[in-house]
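Listed here are the chains, written in short residue letters.
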Amino acid sequence: MGKKYNVKDYYCKHTTRCSTEGRKKSKRFVGHNVLKADAWDKVTGDAVYPDDISFDDMLHIKVKRAVHPHAVLKNIDISKALKVSGVVDIITAEDIPEVRQYGLIVRDQPVLVGVGEKMRYLGDALAVVVAESKEAAKKARDLIKVKVEELEVITDPFRAMEDDAPSIHPDGNILITHHLDKGDVEKGFANSDIIVENKYQTQFIDQLPMQNESGAAFYDERKGVVNIWASTQWLHDIQADVAQSLRLAKNQVRIIQPTIGGAFGKKEDVSVHIHLAIAAIRTGRPVKFTYTREESMITQSKRHPITIYAKTGVSKDGYLQAWETKFIGDTGAYASSGPAVVHKGMYHCTGPYNCENVRGVSHAVYTNNTFCGAMRGFGTTQAAFAYESQIDIIAHKLGMDPAEFRKQNIYEIGSTTPNGQQLNHSVNARETIESAVELSGWKGGNSK
Amino acid sequence: MKISLTVNGQLREVEITPYTRLLDLLREDLGLTGTKEGCGKGECGACTVIMDGELVASCLVPAPQADGSEVLTIEGLGSRDNLHPIQESFVETGAVQCGFCIPGMILASKKLLDENPHPAEEEIRLGLSGNICRCTGYAKIIDAVMMAAEKMDGRESDQDG
Amino acid sequence: MKQENNQPISGTDFKNYFQPSSLKEALEIRDKYRSEVKLVAGATDIFVQYNEKLHEVENWLDISRIEDLKKIEKKEKSIFIGPLVTHLEIIKSDLINKHFSALSAAALEVGSPQIRSRGTIGGNICTSSPAGDLLPPLLAYEAKFHLSSRKKSRIVESDEFFTGPKKNILKDSELLTGIEIPISDAEVYSFWKKIGRRKALVISTLTLNLVLEFENDLIKRAGLAVGSAAPVPVRLKKIEEKMLGKKLSQLDYKKIAEEVKNRISPIDDLRGTKEYREDVAADIMVNALEKIEKERVSG
């Protein structure tokens, strides 16, 4: 009990990675302020972002989105919309029977929801309107008539996990479950003097990059190549996904990255790309599609709201003994990065603190909310809210200074994480806490 | 309907509709795409331009109201080879990341420095309070405005950019 | 790739865009088209409301070119503010700063520099949002609104103007043509506070405006108005009356604060809960009285 981690000494003896000697500085960049090469274009307005791209003869796209968060599409009537002057094409699922679903990890997203199929959140696309002007496209979009059969809307992952909840996807509402097991938590709790158990809830957050999803596309018929200028964080994954979805070879899809106006994880997913490609191929003309801010908020990924149960055992001298956790992440209507985000959060359930006995389970759960995906931190930010709160609460119960309590349990070289990774270099957690204490002017103490 | 306005010192005649926004007029009709659209509702400041000496959100200006006006966009402030001191400062302080907010930030800075050549930090924050940046956390942007104030000190007044 | 596109960007299926230069002309158009015409001045509200739907508006009446509605004038016992005066012009006006400092303070906290340069006082009034930031000061200063139609003109008290969220007594033949605020000879103190989630570009969670006029240390007139706390911006006359004829030192601040809490009827919404708003209203009421007390001491 109360064992201090001293593997650091071992590593320091046997490796050069924690040398305390001054590091050699790179002469060119490291340690210097480097002017960013793209700054000149950006301060003059010359930088070309996706919506800045224009072609002669270019068409504009607007998408008719789901009218209900969980419903079967019974009928879609585009006859009135087609009559709007300036409308060139309106594409519905029946026009593209060969097109396949897409998705970052699990291909569960339809390009267009067809009659007899389900819309699973308000961002699902029902029809792509292509017109000579944005106004014509908007007008036509608003004239598309849709009939649906409404299903129960599931907005809460706990409801989604109940036996009688309707399945949003064919394989049930639990997208994926992960387990974590390290040491012996029963023993750990038996060795604990204080056990603190709490439930934490985080919320949806939009990454909110300044530039909305946007792109332009042109189909080079002679070469059979569709060129897409669109914002993305994963050029090659998007290329592969667009290609498989459209049943094209990868070399028939060129993704060209213009300047990107922020992303923070939101632009990892396919957004405008496939709709652009289809419209460009069908019309033979250059097309442009830019989401409005509302569309971006409704349609593209969010940070997962995660419900975190944390049970933490600590000895009275202030060493963590056991940590048991459960993560329930609302991944919304589609998987996106959800299978990775939620369990990554769980792997970080103890934060940067040593604990030998850890057990956890995580579920990423489908709901009819906007789908959740990547956002800076990728699940660990949600975890941080829980573990740092636990640490403060425990320090308070122990009557220990929370900074001291943290330092006493902090990762060092040689520590192992809950999923068994041994940290063998660049662990500066202690220094970080010391700096934070100094910079914040923290005076220490805790009232029990 | 047709209007005429002076954009970056040049008189332009443009065919518009009542639902053309000044932002659309600049970006689509005049090809001045340095002015950005982030929200379309005057919340983010990416579409900021200077119209008749005042800072405006060009997404909230009906184009017919711009008839006869004088508009300064980022393209009119300086060019790659001839940067305005504010643009220089944004480059030198590393205030630019994704860059989408930068044209608006720079024009808001210009308006601020035109009126108040030596702003305190609080005054800079107020002057830029209509412009959102999601990348930088603002610290370097404020540094940039401070640096620009220094650079512009003693230079001739710069009323028309 | 990036090239100039000189094509007209959109169709020509709108009907009318009127941009009269005189009030007379504007009233005629208003009279003819009534609810069929959308009024636009600074556009900072209506362009948000009609975002992505601007092309649906068939007739616009743009009053922004009517010079007569842009003035701030001192009359014998009042200041007359044209409805097209912008928030920025209010902030910059020495007259308004001198006589109605809470109005200036409220204008300074509206939106952002980009919004203040365009949004007008008339727009703030006619939009009639319960969260309109200029409205509590106008109520507390007992402003009168001048309304005109082609045939008639009338003057109404500001606290009779607002009838519900985004609703008012303005008829579809009328325009707001002026805001008249009486000047007091007494010793006037005022307090303005806006509560919101951010400092800029935020719709108020709660606003409170207190104006007290003193004569020989006694409260001669009180104006107390609260925004975002009821379906309309409200003037709390019952509480004002309780302060009249008294010295500040005779007032029980806590009790008045409690009374404010009881007399407002806020709702739960995205910007705050009912409970939060009630508690905050009570707290800032105490702040208001304390601040005025302090100012009077320091003279």
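Bear in mind that the values here come from a model prediction, so they are computed numbers and not experimental data. (Residues numbered from 1 in each chain as written. Chains lettered and ligands numbered in written order. Predicted model: local features only at pLDDT ≥ 70, side-chain atom pairs only at ≥ 80, totals over all residues. Heavy atoms only, no water.)

A. Structural context of the overall build of chain A. The number of helices and strands found in chain A is 13 helices and 15 strands. Its C-alpha atoms give chain A principal-axis dimensions of about 75 × 65 × 40 Å. Split by element, the accessible area of chain A, about 19,800 Å² in all, is 50% carbon and sulfur. Charge centroids of chain A, computed over 57 positive and 55 negative side chains, lie 4 Å from each other. (Helix = DSSP H or I, 4+ residues; strand = E, 2+ residues; numbered from the N terminus. Areas by Shrake-Rupley, 256 points an atom, 1.4 Å probe, with all protein chains shown as cover. Lys, Arg positive; Asp, Glu negative; His and termini not counted. Charge placed at Lys NZ, Arg CZ, Asp CG, Glu CD.)

B. The arrangement of the domain arrangement of chain A in detail. All names here are of chain A. Each domain of chain A was delimited in the assignment, giving domain 1 (7–18 + 158–205 + 302–440) and domain 2 (52–151 + 208–299). Look at where the C-alpha atoms of domain 1 and domain 2 centre, and you get two points 37 Å apart. Across the contact, 22 residues belong to domain 1 and 21 residues belong to domain 2. Both sides together, the interface formed by domain 1 and domain 2 hides about 1,700 Å², and carbon and sulfur atoms give 54% of it. The largest per-residue losses of area from domain 1 upon contact with domain 2 belong to Tyr-334, Asn-368 and Phe-371, which jointly make up 35% of the total buried on that side. Counting across the domain 1 and domain 2 interface gives zero salt bridges. At the surface where domain 1 touches domain 2, the tally comes to 14 residue pairs in polar contact (both at pLDDT 80 or more). For the side of domain 1 that touches domain 2, the per-class residue count stands at twelve nonpolar, eight polar and two charged. (Domains from an automatic or database assignment. Contact = heavy atoms within 4.5 Å. Buried area = accessible area lost by both parts, 1.4 Å probe. Salt bridge = Lys/Arg side-chain N within 4 Å of Asp/Glu carboxyl O. Polar contact = N/O pair within 3.5 Å; in protein donor to acceptor, adjacent residues only side chain to side chain. Nonpolar A, V, L, I, M, F, W, Y, C, P; charged D, E, K, R; others polar.)

C. The arrangement of unusual backbone geometry in detail. We note that Ser-426 of chain A has phi near 55°; this positive angle belongs to a residue other than glycine. The topology assignment puts Ser-426 of chain A in the loop between helix H12 (402–409) and helix H13 (429–440). For Ser-426 of chain A, a relative accessible area of 59% corresponds to the exposed category. Despite not being glycine, Glu-52 of chain C shows a phi value in the positive range, around 70°. Of note, Glu-52 of chain C is situated in the loop between helix H2 (46–49) and strand S3 (59–62). By relative accessible area, which is 23% here, Glu-52 of chain C ends up partly exposed. (Buried < 20%, exposed > 50% of the residue type's maximum accessible area, 1.4 Å probe, protein only.)

D. Examining the pairing of strand S15 (residues 358–366) of chain A more closely. Residue and element names in this part refer to chain A. In terms of residue burial, S15 counts as a mostly covered element, since eight of its nine residues are buried. Here eight bridges tie strand S7 (residues 174–182) to S15, and the two strands are oriented antiparallel to one another. Its bridge partner being in S15, Asp-181 is matched across the sheet by Arg-359. In the sheet, strand S14 (residues 320–332) pairs with S15 via nine bridges, with the strands oriented parallel. By the bridge assignment, Phe-327 is partnered in S15 with Ser-362. Regarding the hand of the β-α-β motif, the stretch spanning S14, helix H10 (residues 338–347) and S15 is right-handed. (Pairing = 2+ DSSP bridges. Right-handed = clockwise from strand over helix to strand, strands pointing away.)

E. Representation of the nonpolar core. Judged by nonpolar contacts, the single largest core of 67 residues is most densely connected at Phe-145, Leu-210 and Met-243 of chain C. Counting residues per element, this core draws most heavily on helix H12 (residues 274–298) of chain C, at nine residues. Setting aside anything within four residues of it in sequence, one finds Leu-210 of chain C in contact with Tyr-189, Ser-190, Phe-191, Gly-223, Leu-224, Met-243, Met-285, Ala-288, Leu-289 and Ile-292 of chain C. If you look at the next biggest cluster of nonpolar residues, it comprises 42 residues, including Tyr-49 of chain A together with Leu-77, Ile-106 and Leu-107 of chain B. (Core = buried A, V, L, I, M, F, W, Y, C linked by side-chain atoms within 4.5 Å.)

F. Examining a nonpolar patch on the surface more closely. Together, Phe-29, Val-30 and Val-34 of chain A make up an exposed nonpolar region whose accessible area comes to about 280 Å². Classification of Val-34 of chain A by relative accessible area gives partly exposed; the value is 46%. (Patch = residues over 30% accessible without salt bridge, like charges linked within 9 Å, V, L, I, M, F, W, Y side chains within 5 Å.)

G. Layout of the confidence of the model for chain A. Scored by pLDDT, chain A comes out at a mean of 94, with 94% of its residues at no less than 70. This model gives residues 1–5 of chain A a pLDDT under 50, and the stretch forms 14 contacts once residues within four places in sequence are excluded. (pLDDT = per-residue confidence, 0-100.)

H. Expanded view of the interface of chain A and chain B. In this assembly, 29 residues from chain A lie in contact with 35 residues from chain B. Contact between chain A and chain B buries roughly 2,600 Å² in total, counting both sides, with carbon and sulfur atoms accounting for 56%. Linking chain A to chain B there are six salt bridges. Of the charged contacts, one joins Lys-41 of chain B and Glu-294 of chain A as a salt bridge, the two residues approaching to 2.7 Å between their closest N and O atoms. If you look at where chain A meets chain B, you find 18 residue pairs in polar contact (both at pLDDT 80 or more). Those elements that place two or more of their residues in the side of chain A that touches chain B are helix H2 (39–44), helix H4 (134–143) and helix H9 (293–299) of chain A. Top element by residues in the side of chain A that touches chain B is H2 of chain A. It accounts for six residues.

I. Broad picture of the side chain of Arg-120 of chain A. Residues and elements named next belong to chain A. Inspection of the secondary structure assignment puts Arg-120 in the loop between strand S4 (118–119) and strand S5 (125–131). The buried charged residue Arg-120 lacks any salt bridge, with Asp-124 as its nearest oppositely charged partner at 5.3 Å. At 3.2 Å, the side chain of Arg-120 forms a polar contact with the side chain of Tyr-334. Apart from residues no more than four positions distant in its own chain, Arg-120 is found in contact with Pro-69, Asp-108, Pro-110, Ile-168, His-169, Ala-333, Tyr-334, Thr-367 and Asn-368.

J. Structural context of the pairing of strand S10 (residues 225–230) of chain A. All names here are of chain A. Most of S10 sits inside the fold, with six of its six residues counted as buried. Alternating positions in S10 separate into two faces, Val-225, Asn-227 and Trp-229 on one and Val-226, Ile-228 and Ala-230 on the other, with burial throughout. As paired elements, strand S9 (residues 214–220) and S10 share six bridges and run antiparallel to each other. Each residue of the ladder has a partner; that of Asp-220, found in S10, is Val-225.

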